[in-house]
Amino acid sequence: MTSGSAHPELRAALMSAVAERAPKVDRDRVAACFDYAATAHADQRRSSGQPFVSHAVEVCRILLDLLEARMDTTLACATLLHDVAEDTSVTAQEIEKHWGREVASLVEGVTKLSSMHFDSREAAQAENFRKMLLSMSRDLRVIFIKLADRLHNMRTIEFLKREDKRQRIAMETRDIYAPLAHRLGMANIKRELEDLSLKVIDPDAYQELSQRIQAKKKEREAFLNRVMEQLRDALKAAGLKAEVNGRPKHFYSIYNKMGAGRALEEVYDLFGIRIITHTRNDCYRALGVVHDLFDPVADRFKDYIATPKSNMYQSLHTTVLTADGEMVEVQIRTWDMHRTAETGVAAHYVYKQGGHVDEELDKRLGGFVAEIAGWQRETDDDEYMDFLRTALHQEEVFVYTPRRELKRLAKGATPLDFAYLIHTEVGQKTVGARVNGELVPLRYELRNGDTVEIVTSAQAKPHEDWLKIARTAQARGKIRHWLRQRRLADSVALGKEMLEREMRRARLKITEEQLAKAAKEQECEDLERSTRAWARGRSRSPSCCAASFRKRRRSPSVSRRGRSRTRRPCASRRAACASRASTT
């Protein structure tokens, strides 16, 4: 493929953004990638009428805003080429030949499995997410590209003509991509994805909400400005350097709270206040100033600095009652915490050779990236999407082991979930639990600050009812995996028992080698699969197998040279045959 200079305005805008935001990126190589992508997409247009390559440029600009100086040349190139393998005649092999294995690997990670046949859209969706998340567990840049790609697609979704397609994309965005962005701490992207999804899924509610909030905007802003001015004066008097600003709540969050039965007037944190300081110690000093100035609301204080969320979010949250009788939520954090709160994993991402995931970064994420790799082994396609939705949507509860080790679990988790979090073997041997020193049922819902001790027994084993008790995707996946393996083992044992019974009935003694040969004759890969098929009635019965061995026993023996040997008749029989022949 020859390079060209199509769309010079787009090219110039891209190169200007790269030079400004990511000075370490090789601009000549990025320019060459743009030309390559523009040529590959030369005859293609977006639904909006824009050149197809404009999408790749916008995705790259989103990542420049997200990563800034942490953007690397390989990621920039892969972003520009991310649709080439899927939407043009260019193959992955050609991309690798021109741009190297690392770029090709990233492109492959975000490319759908369009060449494979699936029985349903759900199966295809599950396998595409498996592929994407497995690629992400090897290289975080895959998910950066995919989230930026989805964000730009949602920004331009109104140009799609088919309503059913818009609805499907919006629901997938709300159910998978927005929670995934949240799980990685990328709050800016998460909020925009949720609001754009709501605009498509329930446009009437979105429009009504927008109008009602806009109607009270001036009044609310005037009130918040008075409160913020009071806070600025109080912080200055305390000798604290801090920035105080307003924090509007995004539409989807308000929509959810109203869906839970609350009127718009009862959602007191439509506009909150954020205080940003320079040090962790200043955060707690600022909290004291806030509580001295306004009365704190009981049970509305959360310290996410001492116990960060699993997406690395850190902040102090408090709700206070002003002199006007209004409740206001105040968030207090440092500038570093603020950067992490808005961009999450992207704030701490540092390029490593080959794009390998930083183990320390994954540890700060609560082992989420490593957990994703485990999902691939523990779930079938038919349950993968439910598993993914459950795992991504859960809020958190913080509990302790008897040794006072802090553990994070999904909100609503039970002692059984806690047991599987400690270790798979502990989970499978669980018979009971003590919470804060008292025996509780396994379905007890854990609360913040609980100390949990698991009671085990060597004779214990999982059973189907545990799937109704466990709440976390991790525990449910491990229980399902154990039950599946147990069913397979039971099928094998039953199949062998059926075969042995038929062999005894036929008075046959068969070696393992002969059984293995019989299994292959029945088009099973091995004896285990053959006996499992017998037990499930999906193959020839054991009696047929026994009959085939009887038939072999009756067949002529075979000489060492592979020829059949026939027994010669005795002399008297030969004479009788000769006499009959002469009479005839």
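What you see is a predicted model, and the numbers here were worked out from it, not measured in a lab.

Draft legend 1. Region of the structure containing the overall build of the chain. Within the chain, the secondary structure is distributed over 28 helices and 11 strands. Carbon and sulfur atoms make up 47% of the accessible area of the chain, which totals about 31,400 Å².

Draft legend 2. A look at the state of the cysteines. Counted by the stated rule, this structure contains 0 disulfides. Free cysteine: Cys 77, not disulfide-bonded; nearest cysteine sulfur from Cys 33 at 3.3 Å.

Draft legend 3. Seen up close, the sheet that holds strand β11 (residues 452-456). Pairing within the open sheet is antiparallel, and its 3 strands lie in the order β10-β9-β11. Both edges of this open sheet fall to β10 (438-440) and β11, since each of them pairs with a single strand only. For this sheet, the mean inter-axis angle between neighbouring strands, taken without regard to orientation, is 35°. The pairing of strand β9 (residues 430-435) with β10 spans 3 bridges and is classified as antiparallel. For Val 435, the partnering residue across the bridge sits in β10 and is Glu 438.

Draft legend 4. Broad picture of the pattern of salt bridges. Counting across every chain of the model gives 23 salt bridges. A salt bridge links Glu 229 to Arg 232; its shortest N-O distance comes to 3.4 Å. Placement of the pair is Glu 229 and Arg 232 together in helix α13 (residues 217-237), with a separation of 3 residues, close to one helical turn. Three or more residues joined by partner-sharing salt bridges are found here, namely Asp 72, Glu 102, Asp 139 and Arg 141.

Draft legend 5. Region of the structure containing unusual backbone geometry. Located in the positive-phi region is Asp 299, a residue other than glycine, with phi close to 65°. Within the secondary structure, Asp 299 is located in the loop between β3 (295-296) and β4 (302-303). Using a relative accessible area of 78% as the deciding quantity, one classes Asp 299 as exposed. The backbone of Met 312 shows a phi angle near 80°, a positive value even though the residue is not glycine.

Draft legend 6. Representation of the environment of Gly 49 in the model. Summarising the element assignment, Gly 49 is placed in the loop between α2 (27-40) and α3 (53-67). Note: C-alpha distance between Gly 49 and Phe 159 (110 residues apart in sequence) is 8.9 Å.

Draft legend 7. Expanded view of the pairing of strand β8 (residues 406-410). The pairing of strand β7 (residues 396-400) with β8 spans 5 bridges and is classified as antiparallel. Within β8, the residue paired with Val 399 across the bridge is Lys 407. Between β7 and β8, which pair antiparallel and follow one another directly, the connecting turn spans 5 residues, one of which, Arg 404, has a positive phi of 65°.

Draft legend 8. Highlighting helix α15 (residues 280-293). With 14 residues, α15 should reach 20 Å at 1.5 Å per residue; the first-to-last C-alpha distance of 20 Å fits that figure. Residues of α15 that are buried make contact with α13, β2 (271-277), β5 (316-321) and β6 (327-334).

Draft legend 9. View of the side chain of Thr 111. As for its placement among the helices and strands, Thr 111 is situated in the loop between α7 (101-110) and α8 (121-138). You can call Thr 111 buried: its relative accessible area is 13%. When residues no more than four places from it in sequence are discounted, the contact partners of Thr 111 are His 82, Ala 85, Glu 86 and Lys 131.

Draft legend 10. Up close: the packing of helix α1 (residues 8-21) against α3. Closest axis-to-axis distance for the α1/α3 pair is 10 Å, and the angle between their directions is 15°. Taken together, the axes of α1 and α3 lie roughly parallel to each other. The interaxial crossing formed by α1 with α3 has left-handed handedness. Counting all contacts with α1, which are made through Leu 10, Ala 13, Leu 14, Ala 17, Val 18 and Arg 21, the residues of α3 involved are Val 53, Ser 54, Val 57, Cys 60, Arg 61, Leu 64 and Asp 65. For the contact of α1 with α3, the per-class residue count stands at 9 nonpolar, 1 polar and 3 charged.

Draft legend 11. Just the packing of helix α4 (residues 73-80) against helix α9 (residues 141-155), in detail. Put simply, α4 and α9 touch, their axes get as near as 11 Å, and they point 40° apart. Here α4 is positioned oblique relative to α9, judged by the angle of their axes. The hand of the α4/α9 crossing is right-handed. Where α4 approaches α9, its residues Thr 74, Leu 75, Ala 78 and Thr 79 are matched on the opposing element by Arg 141, Phe 144 and Ile 145. Its residues assigned to classes, the contact of α4 with α9 comprises 4 nonpolar, 2 polar and 1 charged.

Draft legend 12. Up close: helix α16 (residues 335-343). Among the residues of α16, those classed as buried are Met 337, His 338, Thr 340, Ala 341, Glu 342 and Thr 343. Just past α16, the residue Gly 344 takes up positive phi, approximately 60°.

Draft legend 13. Examining the environment of Asp 195 more closely. One can find Asp 195 in helix α11 (residues 187-201). For Asp 195, a relative accessible area of 17% puts it in the buried group. Distance in space between the C-alpha atoms of Asp 195 and Tyr 252 is 5.3 Å, their sequence separation being 57 residues. Leaving out residues up to four positions away in the same chain, Asp 195 has contacts with Tyr 206, His 250, Phe 251 and Tyr 252.

Quick notes on the rules
- Residues numbered from 1 in each chain as written.
- Predicted model: local features only at pLDDT ≥ 70, side-chain atom pairs only at ≥ 80, totals over all residues.
- Heavy atoms only, no water.
- Helix = DSSP H or I, 4+ residues; strand = E, 2+ residues; numbered from the N terminus.
- Areas by Shrake-Rupley, 256 points an atom, 1.4 Å probe, with all protein chains shown as cover.
- Disulfide = S-S within 2.5 Å.
- Pairing = 2+ DSSP bridges.
- Axes fitted to C-alpha atoms, helices over the stretch in contact; angles between N-to-C directions.
- Salt bridge = Lys/Arg side-chain N within 4 Å of Asp/Glu carboxyl O.
- Buried < 20%, exposed > 50% of the residue type's maximum accessible area, 1.4 Å probe, protein only.
- Expected span 1.5 Å × (residues − 1).
- Contact = heavy atoms within 4.5 Å.
- Parallel < 35°, antiparallel > 145°, perpendicular 65-115°, else oblique.
- Left-handed = near helix turned anticlockwise from the far one by under 90°.
- Nonpolar A, V, L, I, M, F, W, Y, C, P; charged D, E, K, R; others polar.

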